[in-house]
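Analysis of the macromolecular model
Chain by chain, the residues:
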Amino acid sequence: MLDQIHLLAAVTVLGVLEQAYFFLQVIYARRVFGISPPKISGPPEFERIFRAQVNSSEYFPIFLALLWQAGLFFHQGLAAALGLLYLCARYCYFMGYRASSSERLAPIYFSTGVLWILITASALGILHFFLSHYVGLNILQLLTV
C-alpha cells in the first residue's frame, strides 16, 4: 500500500514545511516591526506578510483533502505533480504578497486553477469508483473498447 501513497505523503510533508516557513516569517516580521501578539495590525509590510501566511493557512486543509482524494481515486503521480505546482504557486504568492499586494494576483490565480484541476480529478476518480464498485460500470474499459 505504501507504494500507492508515498508521493502524496512526500508532498504533504513539503506542504507542512512550507507552512512552517510561512509561520516563521510572521514571527520574524513581528520582531522586525515590534508587533507583539495578539496584535495583527502594523505597518503595511507586516500586514502583507501576516495576511499571506493566514491566507495560505486557510487554503491548506482544502489543498490536503484534494491532494489525497485525487491521488487515491484518480492518479497518485498526477496529484503529486499538481501538489508540487500548488506549493510552488503558494510560495510565489507569499513572496509576491510580501513585496506588494498586487504581486500576489498571478500566483493566487494559478494556485486556484491547480485546485480546480485537483477537484476535477477527485470528482472523476470518485465517480469512477462508485460506478464500477456499486453499478458494475467500468468507464475505463468502455473507453478502451
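Residues numbered from 1 in each chain as written. Predicted model: local features only at pLDDT ≥ 70, side-chain atom pairs only at ≥ 80, totals over all residues. Heavy atoms only, no water.

Notes on the packing of aromatic side chains
This is how it is decided: A pair of Phe, Tyr and Trp rings is counted when the ring centres sit within 6.5 Å of each other, with Trp represented by its six-membered ring. The angle between the planes then sorts it: under 30 degrees is stacked, over 60 is edge-to-face, the rest tilted. Secondary structure is summarised from DSSP: a helix means a run of H or I of at least four residues, a strand means a run of E of at least two, and numbering begins at the N terminus for each. Three labels apply to residues, based on accessible area from a 1.4 Å probe with only protein chains included: buried if under 20% of the type maximum, exposed if over 50%, partly exposed otherwise in between. The criterion is that NZ of a Lys, or CZ of an Arg, lies within 6 Å of the ring centre and within 35 degrees of the ring normal, and then a charge sits over that ring.
In the structure shown here, the tally under the stated rule is eleven aromatic pairs. Consider the rings of Phe60 and Phe63, whose centres lie 6.1 Å apart with planes at 35°: the pair is tilted. On the criterion of helical spacing, the pair formed by Phe60 and Phe63 is a turn pair, its members being three residues apart in helix α2 (residues 44-73). Comparing Phe60 with Phe63 shows no difference in burial state: the two are buried. Among the aromatic residues, those joined into a ring-pair cluster are Tyr21, Phe22, Tyr91 and Phe94. The aromatic ring of Tyr59 is capped on one face by Arg90, whose charged end is 4.7 Å from the ring centroid. One Lys or Arg, Arg104, reaches over the ring of Tyr97 and ends 5.1 Å from the middle of that ring.

Overview of helix α1 (residues 6-33)
Count 3.6 residues to each turn of an α-helix, and residues three or four apart come out pointing the same way. Condition: One less than the residue count of a helix, multiplied by 1.5 Å, gives the span that helix is expected to have. Residue contacts are counted whenever heavy atoms from the two residues lie within 4.5 Å of one another.
Here α1 spans 41 Å end to end across 28 residues, near enough to the 40 Å set by a 1.5 Å rise per residue. Turning to α1, its buried residues are Leu8, Val11, Thr12, Gly15, Glu18, Gln19, Phe22, Gln25, Val26, Ala29 and Arg30. For α1, the secondary structure elements touched by its buried residues are α2 and α3 (76-99). Two residues or fewer past α1, Gly34 is found with a positive phi of approximately 65°.

What about the side chain of Arg90?
The criterion, for reference: Neither His nor the chain ends is counted toward charge; the positive residues are Lys and Arg and the negative residues Asp and Glu. Salt bridge, as used here, is a side-chain nitrogen of Lys or Arg placed within 4 Å of a carboxyl oxygen of Asp or Glu.
Locating Arg90 in the fold gives a position in helix α3. In this structure Arg90 is buried but unpaired, with Glu18 as the nearest side chain of opposite charge at 6.8 Å. Those residues in contact with Arg90 that lie beyond four places of it in its chain are Glu18, Phe22, Asn55, Ser56, Tyr59, Ile108 and Ser111.

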